[in-house]
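Read off the chains here:
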Amino acid sequence: MKTRKLGNSDLHITPIGLGTFAMGSTGWHASWGPQKDSDSIDTIKRAVESGINWIDTAPIYGLNHAEEVVGKALKEMSPRPIIATKCSRTWDEEGNIIPNLKRTSIRSEVEGSLKRLKVDAIDLYQIHWPFPDEDIEEGWSAVAELIAEGKVRYGGVSNFSIDQLKRAQSIHPVASLQTPYSMIRRKLEKDLLPYCEVNGIGILAYSPMQKGLLTGKITLERMAGLPENDHRRMDPNFTEPRLAIHLDLVNKLETLAADIGVTCAQLSIAWALRNPAVTSAIVGSRQPEQMKETIKAGDIALSTETLNAVAEYLREHRENLQGVLG
Ligand SMILES: NC(=O)c1ccc[n+]([C@@H]2O[C@H](COP(=O)([O-])OP(=O)(O)OC[C@H]3O[C@@H](n4cnc5c(N)ncnc54)[C@H](OP(=O)(O)O)[C@@H]3O)[C@@H](O)[C@H]2O)c1
C-alpha cells in the first residue's frame, strides 16, 4: 500500500489504519462484547506485518484496556507503527463518561497514554469529542503545548464541525479530522469533507463498514446471538426499522462485490477511500483473519461502473429509509 501524507503534517500513513475500539473488551458502556487480548495482539501484529503503518486507539476504549493491549503488542515491534490516540473522554469510578477539555486534565491524560503505550511521544494526539464546547480553545491550546514540549508530534481532532475546526485552527494547525464516513453516513460529503480538503486537514474516516454492518456478516441470526454487552444491540442502525432496510442494501452490495471479485467489506472500505478528501479509513478488526481480508481494500480502485451501481443502490436505500422514518 502506498502511503499518503496526512493533511499538513509530515506523517505518511497507509490508506488503511487499524482501529482498536472492540479491543477494549468488556466492562464499559460501549463494549463490543468479550474480546481475548491474545486475539487483539495477533490482529495488531498481522496488521503491521501486512503493511498497515498506523494504529488508532483511545483511553476510553475499555477504560484504558485497548491502549494497554496496543502497548503490549508494540513492545515486540521495531520499528513501531505510527500511533494515534485521543483525549477528553475521562470517566468516574462507575465508568460514567466525563467530557473534559481542561488543560490539567489533558496533561494528565497524555502521561497515562504514554505509559500504557510505552512510547516516548504520541505521533497523533486527537481531541476525541468537542465537549464541553466552551473548553475547545483551552483543550486545543493544551495539545499545542504538548507538541511544543515533544510529548506529541501532531494534533488532530475528532467529531468536530467546521465552526469548531475554525476555532481550533486559529490557535494551532489541525493535522486531521477523524469523522464517521460510510455508505450510510454521507451528510459530511457536502460541506465538511470539502472544507478539510481545501484547508489541508487530513480525513481519517472511522466506521467505514458501519461497525460491521456493511460486511455482510451481520444477519438477523447474528443479531439474535450478539452478546448482551455488545453495544450494537442498542444502536438504531442494528435495530428495526432501520436494520431490515440496511440488510436489503447489504444483499445488493454482496452480489455486486461478488461480481467484481471482492468481498462486501472490501467494497465498503474501498468506496469510502474513493473520496479524494479521505486520507485513510480506520478499519476496526478483532481477528487476524478479518484484517487479512480488509487490508486488501487499500489497493482496490473501484470502476465508474461499480460506483454508479453503488450510487443507485444508495439512492434506493435513502428512499426506503425516508419511507419509514419520514
Ligand atoms: N473518533 C471516534 O469517535 C470513533 C468512533 C468510532 C470508531 N472510531 C475508530 O474507528 C475504528 C473503526 O470503526 P469501528 O470499529 O467502529 O467500525 P468498522 O471499522 O466499520 O467495523 C469494525 C467491526 O467490523 C467487524 N469486522 C471487521 N472486519 C471484518 C471482516 N473482514 N468481516 C466481517 N466483519 C468484520 C468487527 O466486528 P464483529 O466481528 O464483532 O462484527 C469489527 O470490530 C475504531 O476501531 C476506532 O479506532 C473512532
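Quick note: structure is the one above.
Residues numbered from 1 in each chain as written. Predicted model: local features only at pLDDT ≥ 70, side-chain atom pairs only at ≥ 80, totals over all residues. Heavy atoms only, no water.

Right, let's talk about the site of the ligand for a bit. Around the ligand, a shell composed of 31 residues is seen, among which Asp56, Ser158, Arg232, Gly284 and Gln290 lie nearest. In the environment of the ligand, an oxygen atom lies 3.0 Å from a nitrogen or oxygen atom belonging to the backbone of Phe21. Side-chain polar atom of Gln290 to an oxygen atom of the ligand: 2.8 Å apart, as the coordinates give it. Considered on its own, the ligand offers 900 Å² of accessible surface; in the complex 96% of this is hidden by protein. In a pocket analysis with a 2 Å cut-off to the grid points, the ligand is assigned to the largest pocket. Sorting the residues of the shell around the ligand by element identifies strand S12 (278-284) and helix H10 (288-294) as the ones contributing at least two each. Here the residues of the shell around the ligand are counted per class, giving 10 nonpolar, 13 polar and 8 charged. (Near = heavy atom within 4 Å. Polar contact = N/O pair within 3.5 Å; in protein donor to acceptor, adjacent residues only side chain to side chain. Areas by Shrake-Rupley, 256 points an atom, 1.4 Å probe, with all protein chains shown as cover. 1 Å grid on protein atoms, 1.4 Å probe; cavity = no way out; pocket = protein on both sides within 12 Å on 5 of 7 lines; lining within 4 Å. Sits in = over half its atoms within 2 Å of the grid points. Helix = DSSP H or I, 4+ residues; strand = E, 2+ residues; numbered from the N terminus. Nonpolar A, V, L, I, M, F, W, Y, C, P; charged D, E, K, R; others polar.)

On to the packing of helix H2 (residues 65-75) against helix H3 (residues 103-117), then. In contact at an axis separation of 7 Å, H2 and H3 are set at 40° when each is read in the N-to-C sense. Classified by the angle their axes make, H2 and H3 are oblique. Between H2 and H3, the contacting residues are Glu67, Glu68, Val70, Gly71 and Leu74 on the first element and Ser113, Arg116 and Leu117 on the second. Residues of the contact of H2 with H3, tallied by class, amount to 3 nonpolar, 2 polar and 3 charged. (Axes fitted to C-alpha atoms, helices over the stretch in contact; angles between N-to-C directions. Parallel < 35°, antiparallel > 145°, perpendicular 65-115°, else oblique. Contact = heavy atoms within 4.5 Å.)

Our focus in this paragraph is the pairing of strand S3 (residues 16-19). Of the two faces of S3, the one lined by Ile16 and Leu18 and the one lined by Gly17 and Gly19 are each fully buried. Where S3 and S12 come together, 4 bridges link them in parallel fashion. Bridge pairing in S12 places Ile16 opposite Ala281. Across 2 bridges, the pairing between S3 and strand S4 (residues 54-56) is parallel. Residue Gly19 lies in a different strand from S4, and its bridge partner there is Asp56. (Buried < 20%, exposed > 50% of the residue type's maximum accessible area, 1.4 Å probe, protein only. Pairing = 2+ DSSP bridges.)

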